[in-house]
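The chain contents come next:
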Amino acid sequence: MTTMSDLPQDLTKEIFSRVPLTSLSAVRSTCKSWNSISKSQVLCESAARRKQFLGFMMKDFSVCSMKFDLQGIQNEADFVDPSIKQVSVLDQVEISQIFQCEGLLLCVTRDKSRLLMWNPYLGQTRCIQPRNTFLSGDQYALGYDKNRKHKILRILGDCKSGYMVLGYEIFDLSANTWKVSNDNRDWQIDHYQRERFRKLLPLPFKSHYSNKLLLSCVREEQLAVLHYNWVMGQALEIWVTKKIDPGEVSWSKFLRFTSSCIGHIIPGSFFVDEEKKVVVVVDQDYNRRIVTGRNQSAHILGPDRYFKSVNIGETRYIGKRSKHGYMISELCRPRVCSSYVPSSVQLQTNQPVKSEESEN
């Protein structure tokens, strides 16, 4: 009698390729050999997956999986609205910031008291403990070193009187170690961006204070920057790196749109599909305010001035009480990460956190 463990590996890979990433844990539990094989290598890469954008977004203080069928831009009749579903493994905690790098997600809780690492492919989560305590003004980035070891950059921030940088720490995920850095860099990082812990590189344009700038990733090895010029005809440009090294970068213009093509949109976050020459920009719709919150939209920009807006739900007003006792309405703006690539990196748990001083 043939059992599931007797199936050829090619057939096993095909089965895994048809299972949603967030449901892989349930499939693994049906067979010990499947569980062992899938944790030692990535089995869910397939041509079917590559036809879609698969990623994660933050929506209403929750982490959601998101599928985008980008094939439809070539034929309007084939277009399918994006599928957005809340991730059940993280539904017991409110998340205010997410970062993604090489198949791992770093999540910051809404109260800024905890950091959670999550590997969606393996279904593993890990709580990152601080050296002392996390601060409400802290900023973070997720990246890796030259040995492709994942690391977290923490910028210690004080918001009591304006914003003041108090220091820098780097957490090595594999060594479970916090290192205090004495490097004094004058920069900050928005919570939907990713950095590689290298020196600052020049942008391909001159930017002014009134311009909107956003950073995203393309296939993990390239960067993309969105430049929205409010003054010069409200032009929106996307640039992608051709070459990026520690001390050198070169850019190419990917797409350019003017307000006459796209109307008035306010970019919040975005991702790029180089193969199909498509950019998807996500944010709240400021022109259509509703009673309970604001509508959220995904704006799809493509070749030959292709433009389409898709409603992706509503941002709710979430009230919180101030220190003086009155209620403040708070909106959670949607944030989308770059395209997800599965990883077999194991998240080690239950290890004591170590700390060391940097020699810099």
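Look above for the structure.
Since this is a predicted model, take the numbers as computed values, not measurements.

Engineer: Can you tell me about the sheet that holds strand β4 (residues 95-101), naming the residues and giving the values?
Structural biologist: Judged by pairing direction, the sheet is antiparallel, and its four strands sit side by side in the order β4-β5-β6-β7 without closing on themselves. At either end of the open sheet lies a strand with only one pairing partner, and these are β4 and β7 (124-128). Averaged over all pairs of adjacent strands, the angle between strand axes in this sheet comes to 20°, irrespective of strand direction.

Engineer: Tell me about the packing of aromatic side chains, residues and numbers included.
Structural biologist: Scanning the entire structure with this criterion turns up five aromatic pairs. Between F171 and W178, the aromatic rings sit 5.0 Å apart at their centres with planes inclined by 55°, giving tilted as the arrangement. What makes W178 buried here is its relative accessible area of 0%. For the ring pair F205 and W239, a centre distance of 6.4 Å and an interplane angle of 50° mean the geometry is tilted. Of this pair, F205 sits in the loop between β11 (177-181) and β12 (212-218) while W239 sits in strand β14 (residues 235-245); the two residues are 34 residues apart in sequence, bridging distant segments of the chain. Comparing F205 with W239 shows no difference in burial state: the two are buried. Sitting over the face of the ring of F61, R110 holds its NZ or CZ atom 4.1 Å from the ring centroid.

Engineer: So what's going on with the nonpolar core? Residues and values would help.
Structural biologist: Counting 24 residues, the largest nonpolar core has F56, V63, I95, I98, C107 and W118 as the members making the most contacts within it. Broken down by secondary-structure element, the contributors of at least two residues to this core are α2 (24-28), β1 (52-59), β4, β5 (104-109) and β6 (115-119).

Engineer: Could you give me a rundown of the pattern of salt bridges, with the residues and numbers involved?
Structural biologist: Evaluation of the coordinates by the stated rule reveals ten salt bridges. Where D138 meets R154, a salt bridge forms, and the shortest distance between an N and an O atom there is 2.7 Å. Here R154 lies in strand β9 (residues 150-158) and D138 lies in the loop between β7 and β8 (139-144), a separation of 16 residues in the sequence. Accessibility assignment for this pair places D138 and R154 in one class, buried. Across the salt bridge formed by D145 and K151, the nearest N and O atoms sit 3.4 Å from each other. When salt bridges that share partners are traced, they join R131, D138, R154 and E169 into one network.

Engineer: Could you give me a rundown of helix α1 (residues 9-17), with the residues and numbers involved?
Structural biologist: Along α1, the positions that sit buried rather than exposed are T12, F16 and S17. What you see down the axis of α1 is that its buried residues fit within an arc of 140°, all on one side.

Engineer: Lay out the sheet that holds β12 in plain terms, naming residues and giving numbers.
Structural biologist: Read from one edge of the open sheet, four strands run β12-β13-β14-β15, paired in antiparallel fashion. The open sheet is flanked by β12 and β15 (248-257), the only strands paired with a single partner. Within the sheet, the average angular offset between the axes of one strand and its neighbour, ignoring direction, is 25°. Two elements, strand β13 (residues 222-229) and β14, share six bridges in a ladder whose sense is antiparallel. Residue pairing across strands places Y228 opposite L236, the latter belonging to β14.

Engineer: Help me get a handle on unusual backbone geometry, residues and values and all.
Structural biologist: In this structure, D304 is a non-glycine residue whose phi angle is positive, near 55°. Along the chain, D304 falls in the loop between β18 (293-302) and β19 (306-321). Judged by its relative accessible area of 78%, D304 is exposed. Positive phi, normally seen in glycine, also occurs at R305, with a value near 60°. Looking at where R305 falls in the secondary structure, it is placed in the loop between β18 and β19.

Engineer: Mind laying out the side chain of E102, listing which residues take part and the relevant values?
Structural biologist: Relative to the elements of secondary structure, E102 occurs in the loop between β4 and β5. A polar contact of 2.8 Å, which involves the side chain of E102, links it to the side chain of R148. Dropping the residues within four chain positions of it, E102 is found in contact with Y144, R148, H150, E220, E221, V341 and S343.

What counts and what doesn't
- Residues numbered from 1 in each chain as written.
- Predicted model: local features only at pLDDT ≥ 70, side-chain atom pairs only at ≥ 80, totals over all residues.
- Heavy atoms only, no water.
- Pairing = 2+ DSSP bridges.
- Helix = DSSP H or I, 4+ residues; strand = E, 2+ residues; numbered from the N terminus.
- Axes fitted to C-alpha atoms, helices over the stretch in contact; angles between N-to-C directions.
- Phe/Tyr/Trp six-rings, centres within 6.5 Å; stacked < 30°, edge-to-face > 60°.
- Buried < 20%, exposed > 50% of the residue type's maximum accessible area, 1.4 Å probe, protein only.
- Lys NZ or Arg CZ within 6 Å of the ring centre and 35° of its normal.
- Core = buried A, V, L, I, M, F, W, Y, C linked by side-chain atoms within 4.5 Å.
- Salt bridge = Lys/Arg side-chain N within 4 Å of Asp/Glu carboxyl O.
- Arc of directions from axis to C-beta.
- Polar contact = N/O pair within 3.5 Å; in protein donor to acceptor, adjacent residues only side chain to side chain.
- Contact = heavy atoms within 4.5 Å.

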